[in-house]
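# Results of the structural survey
The chain contents come next:
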Amino acid sequence: MNVRRIDPYAERIRRNRLHPRHQEFARPAWRWAGPNGVTRIDPHAIGALGPNGIRRIDRSGAVVETQPLASSPIESGPSRRMVVIDDPAGFVMVVPECPEGRLSDHDRDLFGLARQLADGQTLAVTAVTFQGAVAGLEEAGADRWIDLSATVDGDTHDPESRLAALVSVEAAMSPRHWLFADSFPGGGDLGRRLAARLSRSSSHGANARAATRVWQVAEGLALSRAGDRQDIQRELPRILLALPECAKPVSETRHEARPVSIDAAGSKTSDMTAVGVVDLGRVAVDPQQIPLSQAPFILSGGRGVGDWAGFHHAAEVLGASEGASRVAVDDGNMPRARQVGATGTFVFASCYIAVGISGAVQHLQGIAKCQRVVAINRDPGCDMVKRADLALIADGDAVLAAVCERLGKPRAAEPSEAVSEAGSGALSKEERYHDAA
Amino acid sequence: MTPPDAAACPVVALVSSGRHPVSGRPGRAREDARAVEMGLTLAGARLQLVHAGNAEEPALRDYLGMYHGLDDSAVQGELALLPMTPADDAVPLLATWLAESGCQLVLAGQRAECGEGSGLLPYLLAERLGWTIVSGAATIERVDVDRVTLLQVLPQGQRRRLEVSLPCLITVDTLAPPPRQSAFGPARRGRIQVVDGLTAEEDSASGEWRWQPARARPKRLKIVKSGNARDRFRAAAARSSAGGQVLTDLTPEQAADRLIAYLREEKILSEEKILGDEMP
């Protein structure tokens with residue numbers, strides 16, 4: 001009698017579909033005789049992958065041959081289903097904020113909320129933009145697109161002409177809902193202006209009052225945050241000002257964003273009377289005066305920085321706010337208020353340059369929300385280099401000095417004595433340290 | 001900062017009762033207190049406070065207690081109280097009072113800390129009165145005969161200068177200068193004048209609302225879109241982000257070039273900024 005021998009390693013690999021050598025050991029058959037003569041059926045080997053990548057087993061008796069998993073269409077990434085609405089029953093207007101001319105995450109959430117309101121009623125989600133071309137409206141979920149850049153200057157802050165343009169859109173299309181991002185001074189301001197203007201015309205009745213700080217819409221009711229730790233639940237109003245993460249962004253469908261033109265827009269805005277608000281432009285803000293948690297661009301130094309005067313100069317040249325790691329603060333090189341990390345300040349900069357910071361866990365927690373991180377460090381294996389989008393393996397002091405030089409403002413030119421007596425480099429450095437202290 | 005013209009233009013601050021964010025204790029609202037502080041630096045003792053609501057509100061005395069440290073030491077605060085119940089609409093009351101008072105400049109917080117707290121009231125008031133409204137002021141730089149120049153708060157610590165025509169309503173951001181302390185003596189001396197002859201209407205819009213204690217908002221989870229368990233497992237087990245570009249063996253000059261190129265590419269470092277710095 002021959003005894004059936006089982007290789008336990010092979011069995012284990014066979015069971016573990018994630019094992020790298022699984023394909024070698026996998027049985028080709030879905031049905032086989034087990035060690036004691038019992039018929040074994042592998043349910044994973046039968047059936048076929050459906051259109052959504054889910055395995056379907058046909059029990060009707062028809063033989064369905066399975067395909068190898070590697071060739072399934074899921075591997076290439078999910079493709080979006082195209083949705084076209086030709087005859088909408090109404091419109092849901094979304095006014096994205098588009099900071100820097102791009103859709104933000106908050107805007108995408110707004111479009112997700114708009115789709116939630118529009119689906120099931122064949123309403124068309126319409127994006128209203130004041131900048132010219134905005135990329136990604138199709139993926140965000142806009143069926144129609146109204147470009148008001150011809151009547152409104154998208155770059156300056158001119159809430160009154162924007163309001164007039166929106167009122168003309170309201171008159172032309174009479175949408176079911178208006179959605180704004182509730183953030184000052186962008187969508188929150190414009191949405192409240194529109195709400196106040198529309199509340200004057202009595203045709204809309206009680207639900208003309210806008211719902212602000214909406215964070216959830218479910219079953220035709222809007223849930224919005226009120227003062228004093230209260231929520232208000234109410235029927236869906238016409239104007240909603242929604243908080244970030246009010247709904248999931250659109251991820252499965254793709255829409256056409258068909259341009260729609262509004263004729264009345266030009267004539268209405270031109271006969272505006274005296275302009276109430278005039279934009280005199282941005283004001284130069286000293287980066288060091290911006291609170292660290294709001295600073296858009298931070299140059300942060302740690303133990304690897306030796307030349308602190310050069311560091312301060314580089315921050316000034318780059319126009320960056322200064323930050324520091326805990327070590328730099330403990331050593332007395334930077335004030336405590338500038339400490340970044342779990343024990344200091346959580347920062348939300350769009351660009352964070354870490355010079356000579358190896359990246360302690362607490363520090364990495366503090367910069368978790370930064371969009372772009374650049375690390376300048378001598379150690380290629382440190383955690384900050386792993387976190388960084390761009391890592392430069394070099395000496396921080398030398399790189400900062402070279403940056404200042406490339407930007408035409410080397411530090412040596414700053415104190416006038418240092419230029420004249422170029423030979424006594426050490427002495428002038430000493431003096432500069434005194435200046436910094 | 002305050003030219004003599006500002007004296008002719010009375011300044012009014014709208015105040016509301018606030019809640020401490022942690023203890024829930026009644027007191028000054030943070031933004032309204034900043035608005036009062038801004039009004040006191042602008043108009044000094046001529047600042048007039050207005051509140052629509054209950055005369056017994058404890059926070060009102062806290063606002064009156066801010067009338068100290070002014071030029072005229074014998075000054076006392078004045079607050080006009082427009083009586084109404086919490087179910088009433090404050091907009092018609094305030095609009096009537098403001099139209100009669102002949103004031104030109106009204107300061108308020110962006111959003112109340114009690115009640116609906118929607119921040120709509122200044123907009124509805126401005127719409128009804130036909131005034132200009134500006135939100136999120138950080139400082140008022142100048143008051144002229146018919147214009148106000150102010151700095152508006154933008155995200156990421158930026159500021160924008162605006163010129164606003166009078167009469168106007170200005171809402172004040174939390175980033176405005178912090179308010180002075182409320183002192184006991186001025187709070188006792190301050191007068192609360194109840195304005196008679198105004199009838200409040202009930203707020204029709206808020207009738208059908210359901211109030212409930214605020215729920216914590218759910219945190220958004222990382223969603224992996226895949227119908228297939230293997231892919232979802234891989235995505236869950238994978239490290240959160242792949243590493244970026246690592247450049248080794250660079251001289252400091254090369255590294256500086258790469259850094260500047262990267263910052264320019266991401267539009268963080270613009271050419272004009274550098275040139276503008278060089279000008280002076």
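Residues numbered from 1 in each chain as written. Chains lettered and ligands numbered in written order. Predicted model: local features only at pLDDT ≥ 70, side-chain atom pairs only at ≥ 80, totals over all residues.

### Regarding the interface of chain B and chain A
If you look at the interface, chain B gives 72 residues, while chain A gives 74 residues. Across three bridges, strand β21 (residues 390-393) of chain A lies against strand β13 (residues 245-247) of chain B in parallel orientation. Looking at β13 of chain B, one finds that Leu390 of chain A is bridged to Gln245 of chain B. (Contact = placed C-beta atoms within 7 Å. Pairing = 2+ DSSP bridges. Helix = DSSP H or I, 4+ residues; strand = E, 2+ residues; numbered from the N terminus.)

### Some words on the confidence of the model for chain A
All names here are of chain A. On average, residues of chain A carry a pLDDT of 81, and 83% of them reach 70 or more. No element of chain A has a lower mean pLDDT than helix α14 (residues 425-436), at 37, and none a higher one than strand β18 (residues 321-324), at 94. For residues 267-271, every residue scores under 50 in pLDDT, and the model assigns this stretch six contacts once sequence neighbours within four places are set aside. Note on residues 414-437: pLDDT under 50 across the span, and 13 contacts to partners over four residues away in sequence or across chains. (pLDDT = per-residue confidence, 0-100.)

### As for the sheet that holds strand β7 (residues 132-143) of chain B
Pairing between sheet strands relies on hydrogen bonds along the backbone, with the strands arranged either parallel or antiparallel. The ten strands are arranged β16(A)-β9(B)-β8(B)-β7(B)-β10(B)-β6(B)-β1(B)-β4(B)-β5(B)-β11(B) in an open sheet whose pairing can be described as mixed. Looking at which strands have only one partner, the edges of the open sheet turn out to be β16 (277-283) of chain A together with β11 (191-194) of chain B. The mean angle between the axes of side-by-side strands here comes to 40°, regardless of whether they run parallel or antiparallel. The pairing of strand β6 (residues 105-109) of chain B with strand β10 (residues 168-172) of chain B spans five bridges and is classified as parallel. Following the sheet pairing, Val106 of chain B is matched in β10 of chain B by Leu169 of chain B. Packing against the sheet, helix α2 (residues 30-43) of chain B makes contact with β1 (11-14), β4 (48-53), β6, β7 and β10 of chain B, and its axis sits at approximately 150° to β6 of chain B. On top of the sheet, helix α4 (residues 90-101) of chain B reaches β1, β4, β5 (78-83) and β6 of chain B; it is set at about 155° to β4 of chain B, its chief contact. (Axes fitted to C-alpha atoms, helices over the stretch in contact; angles between N-to-C directions.)

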